[in-house]
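# Structural description and commentary
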Amino acid sequence: MLDWSRRAACLDLDPELFFPISMEGPCQSQVEQAKKICNGCPVREPCLAYALSTRQAHGVWGGTDPDERRSLIAASAVPRQGSAPARPLPGGR
């Protein structure tokens, strides 16, 4: 369950602030305002973790916009340095 959401700084705010029509142009100031609220939120980390694990494609979650979350997801999918590639199976499988 999302117990953490009951302590969110955005709980009593208009959800439209966190889900602007666009992430560009005039809506950019709305995105920045939402991110400022997130910056002071006591549950920013679980909010962001939820957004990443559920692949939230829209809105500001945990102080991030959709492009930032896509970058975080892509970065976590990159093999870590020092990891070895999988060895091929015998017989070329």
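Residues numbered from 1 in each chain as written. Predicted model: local features only at pLDDT ≥ 70, side-chain atom pairs only at ≥ 80, totals over all residues. Heavy atoms only, no water.

## Topic: the overall build of the protein chain
In terms of regular secondary structure, the protein chain is built from three helices and zero strands. Counting over 93 residues, the protein chain shows a buried share of 26%. Accessible area for the protein chain stands at about 6900 Å²; split by element, carbon and sulfur atoms hold 57% of it. (Helix = DSSP H or I, 4+ residues; strand = E, 2+ residues; numbered from the N terminus. Buried < 20%, exposed > 50% of the residue type's maximum accessible area, 1.4 Å probe, protein only. Areas by Shrake-Rupley, 256 points an atom, 1.4 Å probe, with all protein chains shown as cover.)

## Focus on helix α2 (residues 44-53)
Three or more residues of α2 are buried, namely Cys47, Leu48 and Ala51. Viewed end-on, α2 has its buried residues packed into an arc of 95°, placing them on one side of the element. Along α2, exposed side chains directed more than 90 degrees from the buried face belong to Glu45 and Ser53. Elements that come into contact with the buried residues of α2 comprise α3 (66-77). In the segment just after α2, arginine 55 is the residue with positive phi, at about 55°. (Arc of directions from axis to C-beta. Contact = heavy atoms within 4.5 Å.)

## A short note on the packing of α2 against α3
Angle between the axes and distance between the axes: these two values describe a pair of packed helices. At a minimum axis separation of 10 Å, α2 and α3 run at an interaxial angle of 75°. Taken together, α2 and α3 sit at an angle that is classed as roughly perpendicular. Every residue of α3 that contacts α2 at Leu48, Ala51 and Leu52 is listed here: Arg69, Leu72 and Ile73. Its residues placed into classes, the contact of α2 with α3 shows five nonpolar, no polar and one charged. (Axes fitted to C-alpha atoms, helices over the stretch in contact; angles between N-to-C directions. Parallel < 35°, antiparallel > 145°, perpendicular 65-115°, else oblique. Nonpolar A, V, L, I, M, F, W, Y, C, P; charged D, E, K, R; others polar.)

## Details of the packing of aromatic side chains
This structure, assessed with the given rule, holds three aromatic pairs. Relative to tyrosine 50, the ring of tryptophan 4 has its centre 6.0 Å away and its plane inclined at 55°; by these criteria the two rings are tilted. On the criterion of sequence distance, the pair formed by tryptophan 4 in the segment before α1 (28-39) and tyrosine 50 in helix α2 is long-range, its members being 46 residues apart. Plain terms: the ring middles of phenylalanine 19 and tryptophan 61 are 6.1 Å apart, the flat faces sit at 85° to each other, and that makes the pair edge-to-face. Here tryptophan 61 lies in the loop between α2 and α3 and phenylalanine 19 lies in the segment before α1, a separation of 42 residues in the sequence. (Phe/Tyr/Trp six-rings, centres within 6.5 Å; stacked < 30°, edge-to-face > 60°.)

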